[in-house]
Amino acid sequence: MNNTTAAPPSKARPHSSQPPETSSKRKRGMFQKDLQHMMYGFGDYQNPLPETVALVEDIVVEYVTDMVHKAQDLASKRGKLLTEDFLFLIRKDLPKLNRCSELLSMNEELKQARKAFEVDEDKLALGD
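Thresholds applied
- Residues numbered from 1 in each chain as written.
- Predicted model: local features only at pLDDT ≥ 70, side-chain atom pairs only at ≥ 80, totals over all residues.
- Heavy atoms only, no water.
- Helix = DSSP H or I, 4+ residues; strand = E, 2+ residues; numbered from the N terminus.
- Buried < 20%, exposed > 50% of the residue type's maximum accessible area, 1.4 Å probe, protein only.
- Contact = heavy atoms within 4.5 Å.
- Areas by Shrake-Rupley, 256 points an atom, 1.4 Å probe, with all protein chains shown as cover.
- Axes fitted to C-alpha atoms, helices over the stretch in contact; angles between N-to-C directions.
- Parallel < 35°, antiparallel > 145°, perpendicular 65-115°, else oblique.
- Nonpolar A, V, L, I, M, F, W, Y, C, P; charged D, E, K, R; others polar.
- Salt bridge = Lys/Arg side-chain N within 4 Å of Asp/Glu carboxyl O.
- Expected span 1.5 Å × (residues − 1).

Asker: Just to check I follow, could you spell out the overall build of the chain for this structure?
Answerer: Each helix and strand in the chain was counted, giving 5 helices and 0 strands. Of all 128 residues assigned to the chain, the portion counted as buried reaches 12%. In the chain, the proportion of contacts linking residues at least 24 apart, taken out of those at least 6 apart, comes to 32%. Entry remark: accessible area of the chain is about 11000 Å², with carbon and sulfur atoms responsible for 59%.

Structure representation (C-alpha coordinates):
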(Lines give C-alpha, C1' and ligand atoms only; values in the text may rest on other atoms or scores of the structure.)
Protein backbone atom coordinates (compact mmCIF):
# COMPACT_ATOMS: atom_id res chain seq x y z
CA MET A 1 0.00 0.00 0.00
CA ASN A 2 1.27 3.49 -0.82
CA ASN A 3 1.68 5.84 2.17
CA THR A 4 1.91 9.04 0.13
CA THR A 5 -1.36 10.87 0.04
CA ALA A 6 -2.60 14.23 -1.08
CA ALA A 7 -3.36 17.00 1.36
CA PRO A 8 -5.82 16.04 4.10
CA PRO A 9 -9.48 16.84 3.40
CA SER A 10 -9.45 19.71 5.90
CA LYS A 11 -6.78 21.44 3.83
CA ALA A 12 -8.64 21.10 0.53
CA ARG A 13 -9.57 24.39 -1.11
CA PRO A 14 -12.38 23.98 -3.61
CA HIS A 15 -12.00 27.49 -5.09
CA SER A 16 -8.20 27.54 -5.21
CA SER A 17 -6.01 25.93 -7.81
CA GLN A 18 -2.91 26.12 -5.60
CA PRO A 19 -2.13 24.18 -2.45
CA PRO A 20 -2.79 26.09 0.80
CA GLU A 21 0.91 26.51 1.59
CA THR A 22 1.64 28.48 -1.57
CA SER A 23 -1.68 30.22 -2.08
CA SER A 24 -1.28 32.54 0.90
CA LYS A 25 1.57 35.00 0.86
CA ARG A 26 1.22 36.02 4.48
CA LYS A 27 3.88 36.97 6.94
CA ARG A 28 4.22 34.18 9.50
CA GLY A 29 4.33 35.06 13.18
CA MET A 30 2.22 38.17 12.72
CA PHE A 31 -0.21 37.16 15.48
CA GLN A 32 2.27 35.34 17.72
CA LYS A 33 2.20 37.71 20.70
CA ASP A 34 -1.58 38.01 20.66
CA LEU A 35 -2.01 34.25 20.44
CA GLN A 36 0.48 33.68 23.27
CA HIS A 37 -1.57 35.99 25.50
CA MET A 38 -4.81 34.32 24.49
CA MET A 39 -3.37 30.85 25.07
CA TYR A 40 -2.16 31.92 28.51
CA GLY A 41 -5.61 33.32 29.25
CA PHE A 42 -7.10 29.95 28.39
CA GLY A 43 -4.76 28.05 30.71
CA ASP A 44 -1.55 27.43 28.75
CA TYR A 45 1.91 28.35 30.01
CA GLN A 46 2.87 32.02 29.97
CA ASN A 47 5.49 31.26 27.31
CA PRO A 48 4.14 28.36 25.22
CA LEU A 49 6.31 26.47 22.77
CA PRO A 50 6.89 28.42 19.53
CA GLU A 51 5.75 25.36 17.56
CA THR A 52 2.44 25.35 19.42
CA VAL A 53 1.88 29.06 18.78
CA ALA A 54 2.74 28.58 15.10
CA LEU A 55 0.27 25.69 14.83
CA VAL A 56 -2.51 27.67 16.51
CA GLU A 57 -1.74 30.63 14.24
CA ASP A 58 -1.99 28.42 11.14
CA ILE A 59 -5.33 27.03 12.33
CA VAL A 60 -6.73 30.48 13.10
CA VAL A 61 -5.57 32.02 9.82
CA GLU A 62 -6.98 29.06 7.86
CA TYR A 63 -10.34 29.36 9.67
CA VAL A 64 -10.61 33.11 9.13
CA THR A 65 -9.56 32.82 5.48
CA ASP A 66 -12.13 30.08 4.91
CA MET A 67 -14.86 32.18 6.54
CA VAL A 68 -13.98 35.21 4.44
CA HIS A 69 -14.06 33.15 1.24
CA LYS A 70 -17.47 31.73 2.17
CA ALA A 71 -18.78 35.20 3.04
CA GLN A 72 -17.47 36.56 -0.26
CA ASP A 73 -19.29 33.78 -2.09
CA LEU A 74 -22.51 34.78 -0.33
CA ALA A 75 -21.95 38.46 -1.03
CA SER A 76 -20.99 38.02 -4.67
CA LYS A 77 -24.63 38.25 -5.73
CA ARG A 78 -24.95 41.61 -4.02
CA GLY A 79 -21.47 42.82 -4.83
CA LYS A 80 -20.83 44.02 -1.29
CA LEU A 81 -19.52 42.14 1.73
CA LEU A 82 -21.53 42.89 4.88
CA THR A 83 -21.30 41.94 8.54
CA GLU A 84 -24.55 40.03 8.11
CA ASP A 85 -22.80 37.63 5.72
CA PHE A 86 -20.56 36.48 8.56
CA LEU A 87 -23.46 36.31 11.00
CA PHE A 88 -25.32 34.14 8.50
CA LEU A 89 -22.37 31.74 8.30
CA ILE A 90 -22.22 31.26 12.08
CA ARG A 91 -25.98 31.23 12.65
CA LYS A 92 -25.97 27.59 13.78
CA ASP A 93 -23.11 28.08 16.25
CA LEU A 94 -25.01 29.90 19.00
CA PRO A 95 -22.05 30.72 21.29
CA LYS A 96 -20.19 32.36 18.38
CA LEU A 97 -23.32 34.12 17.17
CA ASN A 98 -24.09 35.47 20.64
CA ARG A 99 -20.51 36.63 21.17
CA CYS A 100 -20.42 38.35 17.78
CA SER A 101 -23.73 40.06 18.46
CA GLU A 102 -22.46 41.21 21.84
CA LEU A 103 -19.24 42.59 20.34
CA LEU A 104 -21.11 44.34 17.53
CA SER A 105 -23.50 46.03 19.96
CA MET A 106 -20.58 47.02 22.20
CA ASN A 107 -18.81 48.49 19.17
CA GLU A 108 -21.90 50.52 18.35
CA GLU A 109 -22.10 51.81 21.93
CA LEU A 110 -18.44 52.83 21.80
CA LYS A 111 -19.01 54.69 18.52
CA GLN A 112 -21.91 56.60 20.06
CA ALA A 113 -19.90 57.41 23.19
CA ARG A 114 -16.99 58.71 21.11
CA LYS A 115 -19.37 60.80 19.04
CA ALA A 116 -20.97 62.27 22.18
CA PHE A 117 -17.53 62.95 23.64
CA GLU A 118 -16.42 64.78 20.48
CA VAL A 119 -19.59 66.93 20.56
CA ASP A 120 -18.97 67.81 24.23
CA GLU A 121 -15.35 68.64 23.46
CA ASP A 122 -16.41 70.91 20.59
CA LYS A 123 -18.90 72.75 22.87
CA LEU A 124 -16.20 73.26 25.51
CA ALA A 125 -13.74 74.57 22.92
CA LEU A 126 -16.31 77.03 21.54
CA GLY A 127 -17.37 78.10 25.03
CA ASP A 128 -13.92 79.50 25.92
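Asker: Would you mind showing me how to read the packing of helix α2 (residues 32-41) against helix α3 (residues 50-75) here?
Answerer: Describing two packed helices takes the angle between their axes plus the distance from one axis to the other. For the pair α2 and α3, interaxial distance at closest approach is 10 Å and the crossing angle is 100 degrees. One element, α2, and the other, α3, form an angle in the roughly perpendicular class. On α3, the residues that touch Gln32, Leu35, Gln36 and Met39 of α2 are Thr52, Val53, Val56, Glu57 and Val60. Grouping the amino acids of the contact of α2 with α3 by side-chain chemistry returns 5 nonpolar, 3 polar and 1 charged.

Asker: It is not clear to me how the environment of phenylalanine 88 should be interpreted in this structure. Could you clarify?
Answerer: Positionally, phenylalanine 88 belongs in helix α4 (residues 83-89). Given the relative accessible area of 42%, phenylalanine 88 is considered partly exposed. Phenylalanine 88 sits 14 residues away from leucine 74 along the chain, and the two C-alpha atoms are 9.3 Å apart.

Asker: Can you walk me through the pattern of salt bridges in this structure?
Answerer: A side chain with one charge may pair with a side chain of the opposite charge, provided their charged atoms come close. Applying the stated criterion across every chain yields a total of 5 salt bridges. The salt bridge partner of arginine 28 is aspartate 58, with a shortest N-O separation of 2.9 Å. Remark: aspartate 58 occurs in helix α3 and arginine 28 occurs in the loop between α1 (20-23) and α2; sequence separation between them is 30 residues. Judged by relative accessible area, which is 58%, arginine 28 ranks as exposed.

Asker: Explanation requested: α3 in the structure shown.
Answerer: At 3.6 residues per turn, the α-helix brings residues three or four places apart onto the same side. The first and last C-alpha atoms of α3 sit 37 Å apart over 26 residues, in line with the 38 Å expected at 1.5 Å per residue. Of the positions making up α3, those classed as buried are Val53, Glu57, Val61, Glu62, Met67, Ala71 and Ala75. For α3, the secondary structure elements touched by its buried residues are α2 and α4.

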